[in-house]
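Chain and residue survey
Chain residues, written in single-letter form:
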Amino acid sequence: MLPSEIAFLMETLKAKQNDYYYFKDQYALDVLALSLKDQLSVSELKKSPLGFLTNKKSVSKVLAKEGNGVVSNHHFENVFSEESVKFSVSLGKWGKFDKHLHDDWYQTSRNGENLVLQLNFDKEHLHEYFRLINPEKDSHPFMYDCHPVVKKSGFTLAWARLDVDLTSGEVLIEEIQNDWIREAKDSMLTAKRELEKEAKREKSKQRQLKWAKDEIDYFENSLKDYVKIWDEAMLNLAIQFAVKELGCYKIHYHTFDSGNLLKGLKWGCKPPKSLYTKLPRRFGFQLTDEAPAMLRNDKKLRKTLRDNQLSWFLMQF
């Protein structure tokens, strides 16, 4: 997007830290709430293209209350769970527009900026983070401040980069990424190795490795719920945001191949494949070989699209 388009969206949306609650498999409820236009019997829903979602525990609980009756979108809205994890949500921007250059460092499919949807930790989790990890001032071991994250307060668990075309009513999910859990896991594994070495030392030479125990405690306990849900919580938020805030009912999501090619990702810096294969399929995205309109209309990409057989995931409401 052009900087002026990003500025318009940022101003229109008046981005603030908003609360967002998510529990495991909530996306199945939210996709059904957006998708169902008419009333269906439970048996009809199970036989529909969205029937695979009825196997999720979150949906089964709702259907169990309806028996053999009929359901519509409102049955799947505002479902409460005591297992919900609280986040805050904020907006940012990423990328650079240059008339003559497509800078691969920003990893945008086309020249321009992306709108960034940031999924941030709540205050309760941050209390545990500061207690156990005790980071040095302005130095947070699980955060890359060169990425599109909240840097001063809140701290970003994960983010989605969105390219938006309001004219065609389309959103392209460029990327879903998480540094925090990956880095925390690496630190936890290092801590476990240190404790294993400590156990082999003579008792007279053993040290008290409190930092290692705290690292393990943080990852295995404080981060436990986030590890289970971060990817689906982030994609679900992106879909809800695209439809309810941007008014875009056609959502594209990169496949592993289309994303790597168009964003200039080479061997060694490619993302986890499951985020661009298994994750969108869980939500019901379907493969299409029709590129998003914003990419088809980009003169600099026409030859690339013509010379490569690429596909994207697509969800329409």
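Heads up: the structure comes first, above all this text.
What comes next is a walk through the structure. (Residues numbered from 1 in each chain as written. Predicted model: local features only at pLDDT ≥ 70, side-chain atom pairs only at ≥ 80, totals over all residues. Heavy atoms only, no water.)

Notes on the packing of helix 6 (residues 180-200) against helix 7 (residues 210-222)
Orientation of helix 6 relative to helix 7, taken along the N-to-C sense of each, is 140°, at an axis distance of 8 Å. What the angle tells us is that helix 6 and helix 7 run oblique. Helix 7 is crossed by helix 6, and the crossing has left-handed handedness. Mapping the contact onto sequence places Trp 180, Ile 181, Ala 184, Lys 185, Ser 187, Met 188, Ala 191, Lys 192, Glu 194 and Leu 195 in helix 6 and Trp 211, Ala 212, Lys 213, Glu 215, Ile 216, Tyr 218, Phe 219 and Glu 220 in helix 7. The residue makeup of the contact of helix 6 with helix 7, split by class, is 11 nonpolar, 1 polar and 6 charged. (Axes fitted to C-alpha atoms, helices over the stretch in contact; angles between N-to-C directions. Helix = DSSP H or I, 4+ residues; strand = E, 2+ residues; numbered from the N terminus. Parallel < 35°, antiparallel > 145°, perpendicular 65-115°, else oblique. Left-handed = near helix turned anticlockwise from the far one by under 90°. Contact = heavy atoms within 4.5 Å. Nonpolar A, V, L, I, M, F, W, Y, C, P; charged D, E, K, R; others polar.)

Observations concerning the packing of helix 2 (residues 26-35) against helix 4 (residues 57-66)
Two quantities define a packed helix pair, namely the angle between the helix axes and the distance between the axes. The N-to-C vectors of helix 2 and helix 4 enclose an angle of 60°; their axes lie 6 Å apart at closest approach. Classed by the angle they form, the pair helix 2 and helix 4 counts as oblique. On helix 4, the residues touching Gln 26, Ala 28, Leu 29 and Leu 32 of helix 2 are Ser 58, Val 59 and Val 62. When its residues are assigned to classes, the contact of helix 2 with helix 4 shows 5 nonpolar, 2 polar and no charged.

As for the pattern of salt bridges
Applying the stated criterion to the full structure yields 16 salt bridges. Notably, a salt bridge pairs Arg 296 with Glu 290, separated by 3.3 Å at the nearest N-O pair. For Glu 290, a relative accessible area of 41% gives the class partly exposed. Through salt bridges with shared partners, a single ionic network connects Lys 24, Asp 231, Glu 232 and Arg 282. (Salt bridge = Lys/Arg side-chain N within 4 Å of Asp/Glu carboxyl O. Buried < 20%, exposed > 50% of the residue type's maximum accessible area, 1.4 Å probe, protein only.)

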